[in-house]
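Architecture at a glance
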Amino acid sequence: MATSEATNTKTQELLEEESKKLEQLTLPKDQIMWFEYPMQLYQGFWRLNMISEMVPAFQTQFQALDTDIILASLPKTGTTWLKSLLFTIVNRKKFSVSVNTSISQHPIHTQNPHELVLHFEFEVYKNIHRNDQPDLTKIPIPRLFATHIPYSSVPESIKTSQCRIVYIGRNPLDNFISFWHFCLQFDECKSIKPSMEMMEEYIGMYCKGVFPFGPYEDHLLGYWKESMQNPQKVLFLEYEGLKKEPKMQLKRLAEFVGFPFSEEEEKGNVIDEIIELCSLKSLKEMEVNKNGKFYPWVENKALFRKGEVGDWANYLTPSMAKQIDEMQEKLKKDGFSFTYYQGNL
Ligand code: A3P
């Protein structure tokens, strides 16, 4: 059997096995809509139907290299920011960020961060329904990828190889508010007139874990536990930490991915220049991010909103905030609390 046929059979088998498991569950089996997009429970997380073929293809076909660097996150936790930082740090010898060189030549000015670091389940395997296997051999090493898939469902080769994972977590209150605003920007949702009732309904779903790649606590705890047991495998970052101590967090990140800053670079302000280049203000003002779409249903500019910690207070009533904040209790039961987010309501 040819290799691609064999891998497709494996993908098919995985899909069949999963649908049998689903039939035995007492959880909702039918698809549920998240802002006009149907999703279904798959291996314990909510998978958008639009990626139903990409996810098992990624799981069965991807072969990690020891040099790979994989960014993992829930949507709306700072993925775009981390993609820009990771790309810039790893490629800084090739694409200088120094003010002495023409900064506009840096790829960050011509490509959206999601084009520079591809998501497995949205981009890398997007043509799999046409039996079109991605050619990953042309990607420069170290290859940078991203995923929203929970740790329990990432391919075995990611777990067993020496490749590294960088996870970014964000407090659930701001995560929900960011999600809410983002989804209302989808082409299909632009005519929706959001109300408090609608927000309450979505908060209810979010808190039950019913949102793309949720439940929240399973996602965060899965990667966090691995980072505790295996700190050379998974680096756990907090959005709030990157905001509060960007320099220190960038040093951790660069060191972890094997591209530490030299003393000379530190003295030469390279870290500050990277922070500046990848800041929300800088990315937001770039033509490439003001225009165009990164997925067919949403514009690039929707990726860059306020980037503030605590913005939830401008939208949530005290009882809504309390409901979401209870998720932090679930995290505490497993020994997790945010280092940079105290969550005082
Ligand atoms: P807000 O909606 O709270 O503003 P993701 O990239 O995972 O989709 O996360 C989106 C969130 O990250 C949005 O948060 C967005 O504004 C914020 N963000 C995007 N780029 C950023 C940057 N360079 N620095 C800080 N925050 C950024």
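1. Remarks on the site of the ligand
- Looking at the ligand, there are 18 residues lining it, with K76, T79, T80, S178 and G307 nearest.
- For the ligand, an oxygen atom lies 2.7 Å from a polar atom in the side chain of R305.
- Compared with its free state, where it exposes 570 Å², the ligand has 97% of that area covered by protein.
- Contributions of two or more residues to the shell around the ligand are made by α3 (79-90) and α14 (280-285).
- Across the shell around the ligand, the residue classes tally to 7 nonpolar, 7 polar and 4 charged.

2. Remarks on the sheet that holds strand β3 (residues 45-48)
- Reading across from one edge, β1-β2-β3 is the order of the 3 strands in this open sheet, with antiparallel pairing throughout. Where the open sheet ends on each side, the last strands, each with one partner, are β1 (32-34) and β3. Sheet twist, expressed as the average angle between the axes of neighbouring strands with direction ignored, equals 45°.
- With 4 bridges joining them, strand β2 (residues 37-42) and β3 adopt antiparallel strand pairing. Looking across to β3, one finds that L41 is bridged to W46.
- Seen against the sheet, helix α8 (residues 196-207) touches β1 and β2 and runs at an angle of roughly 115° to β1.

3. Remarks on the sheet that holds strand β5 (residues 118-119)
- Taken in spatial order, the 5 strands of this open sheet run β5-β6-β4-β7-β8, and their pairing is parallel. A strand with exactly one partner marks an edge of an open sheet, and here the two such strands are β5 and β8 (234-238).
- Lying on the sheet, helix α9 (residues 216-229) is in contact with β4 (69-73), β6 (144-147), β7 (164-169) and β8; it crosses β8 at an angle near 130°.

4. Brief notes about the pattern of salt bridges
- On inspection of all chains with the given rule, the structure shows 21 salt bridges.
- For D68, the salt bridge is made with R143, and the minimal N-O distance between the two is 2.7 Å. With D68 in the loop between α2 (54-61) and β4 and R143 in the loop between α5 (120-124) and β6, the pair connects residues that are 75 residues apart, well separated along the chain.
- By relative accessible area, which is 5% here, R143 ends up buried.

5. What about the side chain of T77?
- With respect to the secondary-structure elements, T77 resides in the loop between β4 and α3.
- Residue T77 is classed as buried on the basis of its relative accessible area, which comes to 1%.
- In terms of polar contacts, T77 uses its side chain to reach the backbone carbonyl oxygen of L74, at 2.7 Å.
- With sequence-adjacent residues up to four places away left out, T77 is seen in contact with I168, G169, R170, N175 and Y239.

6. Quick look at α8
- The first and last C-alpha atoms of α8 sit 16 Å apart over 12 residues, in line with the 16 Å expected at 1.5 Å per residue.
- Every buried residue belonging to α8 is among M198, M199, Y202, I203, G204, M205, Y206 and C207, and all of these are buried.
- Buried residues in α8 make contact with β1, β2, α7 (172-183), α9 and α16 (318-333).
- Positive backbone phi, approximately 90°, marks G209, located one or two places after α8.

7. Some points on the packing of aromatic side chains
- Tallied over the entire structure, the rule returns 36 aromatic pairs.
- On the basis of an interplanar angle of 20° and a centroid distance of 6.1 Å, the ring pair of F87 and F95 is categorised as stacked.
- Accessibility expressed as a relative area gives 9% for F87, which makes it buried.
- According to the relative accessible area criterion, F95 is partly exposed, its value standing at 26%.

8. What to know about the pairing of β4
- Across the 5 residues of β4, 5 count as buried, placing the element largely inside the fold.
- Both faces of β4 are covered, namely the face carrying I69, L71 and S73 and the face carrying I70 and A72.
- Note that β4 and β7 share 5 bridges and pair parallel. Paired with A72 across the bridge in β7 is Y167.

9. Thoughts on unusual backbone geometry
- Note that the residue after I141, namely P142, is joined by a cis bond; omega there is 0°.
- The amide bond that connects G214 to the next residue, P215, takes the cis arrangement and shows omega of 5°.
- With respect to the helices and strands, P215 occurs in the loop between α8 and α9.
- Backbone geometry places K76, a non-glycine residue, at a positive phi of 65°.
- Judged by relative accessible area, K76 falls into the buried class, the value being 13%.
- Notably, F213 is not glycine yet its phi reads approximately 75°, a positive angle.
- Note on placement: F213 falls in the loop between α8 and α9.

Cut-offs and rules
- Residues numbered from 1 in each chain as written.
- Predicted model: local features only at pLDDT ≥ 70, side-chain atom pairs only at ≥ 80, totals over all residues.
- Heavy atoms only, no water.
- Near = heavy atom within 4 Å.
- Polar contact = N/O pair within 3.5 Å; in protein donor to acceptor, adjacent residues only side chain to side chain.
- Areas by Shrake-Rupley, 256 points an atom, 1.4 Å probe, with all protein chains shown as cover.
- Helix = DSSP H or I, 4+ residues; strand = E, 2+ residues; numbered from the N terminus.
- Nonpolar A, V, L, I, M, F, W, Y, C, P; charged D, E, K, R; others polar.
- Pairing = 2+ DSSP bridges.
- Axes fitted to C-alpha atoms, helices over the stretch in contact; angles between N-to-C directions.
- Contact = heavy atoms within 4.5 Å.
- Salt bridge = Lys/Arg side-chain N within 4 Å of Asp/Glu carboxyl O.
- Buried < 20%, exposed > 50% of the residue type's maximum accessible area, 1.4 Å probe, protein only.
- Expected span 1.5 Å × (residues − 1).
- Phe/Tyr/Trp six-rings, centres within 6.5 Å; stacked < 30°, edge-to-face > 60°.

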